[in-house]
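Each chain is listed here by its residues.
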Amino acid sequence: MTAIGVFDSGVGGLSVLHHIRQMLPDERLIYVADSAHVPYGDKSADYIERRSIALTNFLISQGADAIVIACNTATAAAAALLRREFSIPILGMEPAVKPAVAATNSGVVGVLATIGTLESARFAALLERYAGNVEIVTQGCPGLVEQVELGDLYSSRTRELIERYTAPLLARGADTIILGCTHYPFLAAMIREVVGEGITLVDTGEAVARHLQRRLLTELPSHAVGNASAQFFTSGEVTQATRIMSVLWGSPVEARRLPLEFA
Ligand code: DGL
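Notes on the structure in this doc start here. Computed from a predicted model, the values in this text were never measured in an experiment.

**Brief notes about the site of the ligand**
- Near the ligand, the surroundings consist of 14 residues, among which Ser9, Tyr40, Gly41, Asn72 and Thr73 are the closest.
- Between the ligand and Tyr40, the relevant distance is 2.6 Å, taken from an oxygen atom to a main-chain nitrogen or oxygen of the residue.
- Note that a nitrogen atom of the ligand is positioned 2.8 Å from one of the side-chain N or O atoms of His183.
- Summarising the interface, the protein chains cover 99% of the accessible area of the ligand, which totals 300 Å² for the free molecule.

Structure, rendered in structure tokens:
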């Protein structure tokens, strides 16, 4: 059985884990929410690199054969370093600019993401490569990740933030909005309510899971079908993590404490 290690700054990466579970129903999944250090969006690249190394070391100590960085911000800051430091497959994720550019009719695409992602060299390179003639309007969303960490998906405060961050995109004529942070798919229902039916929402989770499936087949071909399991760890508060992860995962989970040496 292959073990897949998945990490994020917090609980957002569970949106990616859902797709991984669907695509790879028989694998062992190990998830770490780095909730003691969330949000990554306003941290330095150095800080995120250090956290990403620690979390990857932990996942490997738990038997991970491949790592998914279920976080756009950590991918931008640390994917290159992780690939240099570790020899197992390391998969990252980035805002879905290519499919969004293909989907737009108005010629304007909005991107909701963290400041860290939007200011990264990796994001600039992504636009350079795929934007073409399409106008890309970006919007950092301070505070939104924190709402998801609290499990506060439907409150008036969450709605207010979503209205504030989507208004400039709609005003510029965006008909396609990229959810460029793995926490945001958990807000998709509220975002849909605010922006209306005519707007296409694009997220990267499913594409990452498909990519992972392909890489496992080619790079770890011996992986045998085993008993599916999923384990959940957090560097944050365990009781709160258990409650919120159970809601976001859709069935009861027991969050365990990340050992101190990795926290
Ligand atoms: N979930 C993350 C992402 O995809 C990071 C959010 C944060 O911690 O700022 O970018």
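**Observations regarding the environment of Ile20**
- Of note, Ile20 is situated in helix α1 (residues 14-23).
- Separated by 18 residues in sequence, Ile20 and Thr2 have C-alpha atoms that sit 13 Å apart.
- Beyond its immediate chain neighbours, meaning those up to four positions away, Ile20 contacts Ile4, Val6, Leu29, Val68, Ala209 and Leu212.

**Looking at helix α3 (residues 72-85)**
- The terminal C-alpha atoms of α3, which comprises 14 residues, lie 19 Å apart, in line with the 20 Å expected from a rise of 1.5 Å per residue.
- Maximal helix bending in α3 amounts to about 60 degrees, located at Ala78.
- For α3, the set of buried residues is Asn72, Thr73, Ala74, Thr75, Ala77, Ala78, Ala79, Leu81 and Leu82.
- Structurally, α3 contributes buried residues whose contacts are with β1 (3-8), α2 (45-61), β3 (66-69), β4 (90-91), α5 (115-118) and α6 (121-130).

**So, the nonpolar core**
- If you look at the biggest cluster of nonpolar residues, it comprises 51 residues, and the most contacted ones within it are Ile4, Leu14, Ile20, Val68 and Met245.
- Sorting elements by how many residues they give to this core places helix α11 (residues 238-249) first, with five residues.
- Those residues in contact with Met245 that sit more than four places away from it in its chain are Val11, Leu14, Tyr31, Ala33, Phe232, Phe233, Gly250, Val253 and Ala255.
- Core analysis: the second largest hydrophobic core is formed by 22 residues, Ala3, Ile48, Ala64 and Phe262 among them.

**Observations concerning the environment of Gln213**
- Here Gln213 shows up in helix α10 (residues 205-219).
- In this structure Gln213 comes out as partly exposed when scored by relative accessible area, which is 28%.
- In this structure the C-alpha to C-alpha distance between Gln213 and Leu24, which are 189 residues apart in sequence, comes to 6.9 Å.
- There is a polar contact of 3.3 Å between the side chain of Gln213 and the backbone oxygen of Met23.

**Observations regarding the pairing of β1**
- Among the six residues of β1, six are classified as buried, and the element is accordingly described as predominantly covered.
- Burial of the side chains of β1 extends over both faces: Ala3, Gly5 and Phe7 are buried on one face and Ile4, Val6 and Asp8 on the other.
- Bridge count for β1 against strand β2 (residues 28-33) is six bridges, and the pairing is parallel. Looking at β2, one finds that Phe7 is bridged to Val32.
- Read as a crossover between parallel neighbours, the route from β1 over α1 to β2 is right-handed.
- Relative to β3, β1 runs parallel, the two being bridged by four bridges. Note on β3: the bridge partner recorded for Val6 is Val68.

Cut-offs used in this document
Residues numbered from 1 in each chain as written. Predicted model: local features only at pLDDT ≥ 70, side-chain atom pairs only at ≥ 80, totals over all residues. Heavy atoms only, no water. Near = heavy atom within 4 Å. Polar contact = N/O pair within 3.5 Å; in protein donor to acceptor, adjacent residues only side chain to side chain. Areas by Shrake-Rupley, 256 points an atom, 1.4 Å probe, with all protein chains shown as cover. Helix = DSSP H or I, 4+ residues; strand = E, 2+ residues; numbered from the N terminus. Contact = heavy atoms within 4.5 Å. Expected span 1.5 Å × (residues − 1). Bend = angle between axes of the 7 residues up to and from the residue. Buried < 20%, exposed > 50% of the residue type's maximum accessible area, 1.4 Å probe, protein only. Core = buried A, V, L, I, M, F, W, Y, C linked by side-chain atoms within 4.5 Å. Pairing = 2+ DSSP bridges. Right-handed = clockwise from strand over helix to strand, strands pointing away.

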